[in-house]
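Given next are the chains, with one letter for each unit.
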Amino acid sequence: MGLLDILLGRTKPVAPDLDRLFALPSAAITLEAAAGFTPAGVGAVCFATVEGAAFEQTHREIQELLDADADRSGNPVELTQDGYGYSWLISRRPPEQLPELVNDLHAVNTSLEANGFGPSCCAH
């Protein structure tokens, strides 16, 4: 970050730490024991839709990866778009399959990041 960025109040975006997703299954156990919260079994990756062949190829690879897993597990992955131009890949699994859901989300984020689309995505 340069002096001009500091003077104008610009900040550098924080790099995503995708490995933090793997803490969710143990946190879910703690939350269930302490507060009675249970996992909903739904997770999503939101990303800005980008035009171009490279993004389309990445999107196809992600969909094939998750569809292949859905065929084995019986849990389909849904792709939707919201009114703001963002795409959402939504994975649904039984609540007791939280580690597998986390793996789905991590795989999508990793694939987007590996293909140069990392700053435009985030897991929910």
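Note that the coordinates shown come from a computational prediction; the quantities given were computed from them, not determined experimentally. (Residues numbered from 1 in each chain as written. Predicted model: local features only at pLDDT ≥ 70, side-chain atom pairs only at ≥ 80, totals over all residues. Heavy atoms only, no water.)

**A few points about the nonpolar core**
Piece 1. Judged by nonpolar contacts, the single largest core of 16 residues is most densely connected at Val45, Phe47, Ile62, Leu89, Val108 and Leu112.
Piece 2. Top element by residues in this core is helix H4 (residues 98–114). It accounts for six residues. (Core = buried A, V, L, I, M, F, W, Y, C linked by side-chain atoms within 4.5 Å. Buried < 20%, exposed > 50% of the residue type's maximum accessible area, 1.4 Å probe, protein only. Helix = DSSP H or I, 4+ residues; strand = E, 2+ residues; numbered from the N terminus.)

**What to know about H4**
Piece 1. With 17 residues, H4 extends 24 Å between its outermost C-alpha atoms, agreeing within 8% with the 24 Å of an ideal straight helix rising 1.5 Å per residue.
Piece 2. Looking only at H4, the buried set comprises Leu98, Leu101, Val102, Asp104, Leu105, His106, Val108, Asn109, Ser111 and Leu112.
Piece 3. Gly116, located one to two residues past H4, shows a positive phi value of around 90°. (Expected span 1.5 Å × (residues − 1).)

**Comments concerning the pattern of salt bridges**
Piece 1. The tally for this structure, following the rule as stated, stands at one salt bridge.
Piece 2. Here Asp104 and Arg93 are joined by a salt bridge, their closest N and O atoms 3.0 Å apart. Of this pair, Asp104 sits in helix H4 while Arg93 sits in the loop between strand E3 (86–92) and H4, and the two are eleven residues apart along the sequence.
Piece 3. In this structure Asp104 comes out as buried when scored by relative accessible area, which is 7%.
Piece 4. What makes Arg93 buried here is its relative accessible area of 8%. (Salt bridge = Lys/Arg side-chain N within 4 Å of Asp/Glu carboxyl O.)

**Thoughts on helix H2 (residues 24–35)**
Piece 1. Given a rise of 1.5 Å per residue, twelve residues ought to cover 16 Å, and the 15 Å separating the end C-alpha atoms of H2 matches this to within 8%.
Piece 2. Gly36 sits one or two residues past H2 and shows a positive phi near 80°.

Interpretation note: all reported values are geometric properties and have no functional meaning in isolation.
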